[in-house]
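Spelled out from the first residue to the last, the chains are:
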Amino acid sequence: MAFVTLVPPPPLHPSVQRLWDWRVEPGELRFERILPQPGSSLIVNLLEDETRVYADDGVQRCERLAGVAYSGQFTRSFVIDTHEQVAVMGVAFAPGGARALLREDMGVLGNRHLGLDDLLGSAAGLLRERLLHEDDAQGRLAVLGRWLLRRCTGATLHPAVCQALAVIGRAPSLPLVDRLAADCGISTRRLAALFQQQVGVGTKRYLRLQRFRRVVDGVQRHGVVDWASVAADCGFHDQPHLAREFRAFSGMTPTAYVARRGSYVNHVAIG
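Residues numbered from 1 in each chain as written. Predicted model: local features only at pLDDT ≥ 70, side-chain atom pairs only at ≥ 80, totals over all residues. Heavy atoms only, no water.

1. Brief notes about the side chain of Asn 45
Keep this limit in mind: Put simply, DSSP H or I for four residues or longer makes a helix, DSSP E for two residues or longer makes a strand, and each gets a number counted from the N terminus. Burial classification: accessible surface area is computed with a 1.4 Å probe over protein chains only, and a residue below 20% of its type maximum counts as buried, one above 50% as exposed, and the rest as partly exposed. Pairs of residues are marked as contacts when any of their non-hydrogen atoms sit within 4.5 Å.
Locating Asn 45 in the fold gives a position in strand β4 (residues 40-45). Accessibility expressed as a relative area gives 2% for Asn 45, which makes it buried. Once you skip the residues sitting within four places of it in the chain, Asn 45 turns out to touch Glu 50, Thr 51, Gly 67, Glu 84, Ala 87 and Arg 128.

Following this line, the structure appears as structure tokens:
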């Protein structure tokens, strides 16, 4: 197993948080639930020219995409299978960061998986072919980084969105939407519209996603979890409120997550 990551230098960073390359020996088929997090992603399957994702709805309806696929800003979980997760690369975009590459309304792409060829045409397939000719992770990451550098030249985020994201990211307790908008110098409605268009989700739902992530990241570090303390620390009214929100974003209860959590915080084995 080999997992190599790279934080790209400016001007790609901080819009592109990291590039990664994953290699593992093929194993038995296993389904994994992917938890939502702030930001979107690009996946390149180098094993086969296909990307499979499944709805986290109990039926696990399969959606088949091209070998290079884009996943927008998700606020709900989805499912992958490990059969195709053998030779994979990825790009983790910061919230709104993919706008520079795609030049699209992020709200239209939110909670959706799309083949990158549907967004960029033949450039996606050419990228995959170029990566297949590299023999090691560092070479592949270098190729991917140069490809992004040539193409990430689109629109930047509105200053109010940048400010709001920075405030949310560093705040020990998440701010109220009205106060956040006032501090940014615009109306609550205007900030919500900008977030929907540029980040892919409205302000309120983005704050709810951040609150959910604080729970996930917090309980990952503890063996025994005091849920009452977690609820209070993360800004929930009470434990039932935490449980409802956790299930809405992850498709599972908090206790089920703790029982199944593994080494990778966003991957939860199913079955």
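There's more to say after this.
2. Section: the pairing of strand β8 (residues 78-81)
Inclusion rule: Any two strands are treated as partners once DSSP identifies two or more bridges connecting them.
Neither face of β8 is open: one carries Phe 78 and Ile 80, the other Val 79 and Asp 81, and all of them are buried. Bridging between strand β5 (residues 51-55) and β8 involves two bridges; their strand directions are antiparallel. Directly across from Ala 55, in β8, lies its bridge partner Phe 78.

3. Observations regarding the packing of aromatic side chains
Using the following cut-off: Any Phe, Tyr or Trp ring, taking Trp's six-membered ring, that has another such ring centre within 6.5 Å forms a pair; planes under 30 degrees apart are called stacked, those over 60 apart edge-to-face, and the others tilted. Geometrically, a charge over a ring is one whose NZ (Lys) or CZ (Arg) sits within 6 Å of the ring centre while staying within 35 degrees of the ring normal.
Applying the stated criterion to the full structure yields 10 aromatic pairs. Seen from their ring centres, Phe 31 and Tyr 54 are 5.2 Å apart, and the 85 degrees between their planes marks the pair as edge-to-face. Highlighted residues: Phe 31 in strand β3 (residues 31-34) and Tyr 54 in strand β5, separated in sequence by 23 residues. What makes Tyr 54 buried here is its relative accessible area of 12%. Above the face of the Phe 236 ring, Arg 211 is positioned so that its terminal group lies 5.8 Å from the ring centre.

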